[in-house]
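Chain residues, written in single-letter form:
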Amino acid sequence: MLIGHLSDFHLFAGKPDSPLIRPDIAGVLRRIVADVAAFEPAIDVVALTGDLTDGGAAEDYALLRELLAPLSARVLAIPGNHDLRGNFRAAFSDILPFDEGEPAQYEVIHGSVRFLGLDTVVENGVEGRLCPVRLAWVEKKLAEPFAGQTTILMHHPPGESGLTFFDNIGLREGREEFGRLIAPHGGKLNIMCGHIHRPTQAMWSGAFVAVAGSPAFQTDLDLRLRAVEPTVVDVPYAYFIYQVTETGCFSVHPRYVTLPERGDPGQS
Ligand SMILES: [Fe+2]
Ligand SMILES: [Fe+2]
């Protein structure tokens, strides 16, 4: 089974909030989706871990769904702090089985993998939070026996990335409790995230954590203890492809996609 993991498109139909967002992101995403769709053997599931739009407008999501249309894979998505939950839910309610209640959360079992979409977003906040209601939902789901791999999708990485700026706007509530909940399951549980715009892999509370990079802009590796937003760097872009084998091996493969240079109007 193959899982594609992409994140942080910051797609916009009108104007982006930030000049960091490359203006041709729609064309860039079209190119990346074409690469995912053409990959052989076919990718079974595509997981999108938030900040899929830059401002969360309904027309941003309409454009997003249009750009994702070439995918034959099952698409799973969770919101990030740049998304608007209401419009996000409306845009994906035809393909995602959201629970009742405010958080945009759900469970999907596909092949041997159980996906838990976990909403870490708070209204008007850039940081992530797992309130007692969301933690209780995770605890209940993990208590249900499942023989295969469990993958949690969440925008904010649960641990420290080392990038101080992003750690300051990381998961600010419920982290210790969340770690306590997943620790007994670490061997058969992994976590996919976004938010820091830099591909990163970590072990946290016994679980493997992967953060997908962003095609909208990529941040430099700055591990110094200073809360300055890392500079944007022009480095090759890759999304992740995970392979889950019948023996339970979970492999991570960066899949590079050549993108047009930033600001080249002829390529968008
Ligand atoms: Fe982002
Ligand atoms: Fe984010």
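Residues numbered from 1 in each chain as written. Chains lettered and ligands numbered in written order. Predicted model: local features only at pLDDT ≥ 70, side-chain atom pairs only at ≥ 80, totals over all residues. Heavy atoms only, no water.

**Q** Looking at this structure, I do not really get the pairing of strand 1 (residues 2-6). What am I missing?
**A** Two faces belong to every sheet, and in a regular strand the side chains alternate between them. Most of strand 1 sits out of view: five of its five residues are buried. Residues Leu2, Gly4 and Leu6 point to one face of strand 1 and Ile3 and His5 to the other, with burial holding for every one of them. Looking at chain direction, strand 1 and strand 14 (residues 237-244) are connected through four bridges and run antiparallel. Looking at strand 14, one finds that Gly4 is bridged to Ile241. (Buried < 20%, exposed > 50% of the residue type's maximum accessible area, 1.4 Å probe, protein only. Helix = DSSP H or I, 4+ residues; strand = E, 2+ residues; numbered from the N terminus. Pairing = 2+ DSSP bridges.)

**Q** Explain the pattern of salt bridges to me, please; I cannot follow it from the model alone.
**A** Opposite charge on two side chains lets them pair, provided their charged atoms get close. Enumeration according to the criterion identifies 15 salt bridges in this entry. Of the charged contacts, one joins Lys141 and Glu107 as a salt bridge, the two residues approaching to 3.6 Å between their closest N and O atoms. Pair noted here: Lys141 is in helix 4 (residues 132-143) and Glu107 is in strand 4 (residues 106-110), with a separation of 34 residues, a long-range link. Using a relative accessible area of 11% as the deciding quantity, one classes Lys141 as buried. Exposure remark for Glu107: the relative accessible area of 25% places this residue in the partly exposed category. Notably, a salt bridge pairs Glu173 with Arg129, separated by 3.6 Å at the nearest N-O pair. Linking Glu173 in strand 8 (residues 171-173) with Arg129 in strand 6 (residues 128-129), this pair joins segments that are 44 residues apart in sequence. Sharing partners across several salt bridges, the network here consists of Arg85, Glu102, Asp119, Glu123 and Arg134. (Salt bridge = Lys/Arg side-chain N within 4 Å of Asp/Glu carboxyl O.)

**Q** Looking at this structure, how should I read the coordination of the iron ion (ligand 1)?
**A** The reference angle at a metal is 109.5 degrees if four donors form a tetrahedron and 90 or 180 degrees if six donors form an octahedron. Listed as protein donors to the iron ion (ligand 1) are Asp8 (OD), His10 (NE2), Asp51 (OD) and His197 (NE2); their distances from the metal cover 2.0 to 2.3 Å. Every donor counted, the four donor atoms about the iron ion (ligand 1) form angles of 87 to 176° at the centre, which fits irregular coordination. For the iron ion (ligand 1), the single-chain donor residues occur in sequence as D-x1-H-x40-D-x145-H. Separating the iron ion (ligand 1) from the iron ion (ligand 2) is a gap of 3.6 Å, bridged by Asp51, which donates to each. A relative accessible area of 0% places Asp8 in the buried class. (Donors = N, O, S within 2.8 Å, 3.2 Å for Na, K, Ca; no water. Tetrahedral: all angles 85-135°; square planar, octahedral: opposite > 155°, others 65-115°.)

**Q** Which parts of the structure should I look at to understand the packing of helix 1 (residues 25-38) against helix 2 (residues 58-68)?
**A** One can describe the packing of helix 1 onto helix 2 by two numbers: an axis separation of 9 Å at closest approach and a directional angle of 30°. When the interaxial angle is binned, helix 1 and helix 2 end up roughly parallel. In terms of crossing hand, the pair formed by helix 1 and helix 2 is right-handed. Of the residues in helix 2, those in contact with Ala26, Leu29, Arg30 and Val33 of helix 1 are Leu63, Leu64, Glu66, Leu67 and Leu68. Class assignment of the residues belonging to the contact of helix 1 with helix 2 gives a composition of seven nonpolar, no polar and two charged. (Axes fitted to C-alpha atoms, helices over the stretch in contact; angles between N-to-C directions. Parallel < 35°, antiparallel > 145°, perpendicular 65-115°, else oblique. Left-handed = near helix turned anticlockwise from the far one by under 90°. Contact = heavy atoms within 4.5 Å. Nonpolar A, V, L, I, M, F, W, Y, C, P; charged D, E, K, R; others polar.)

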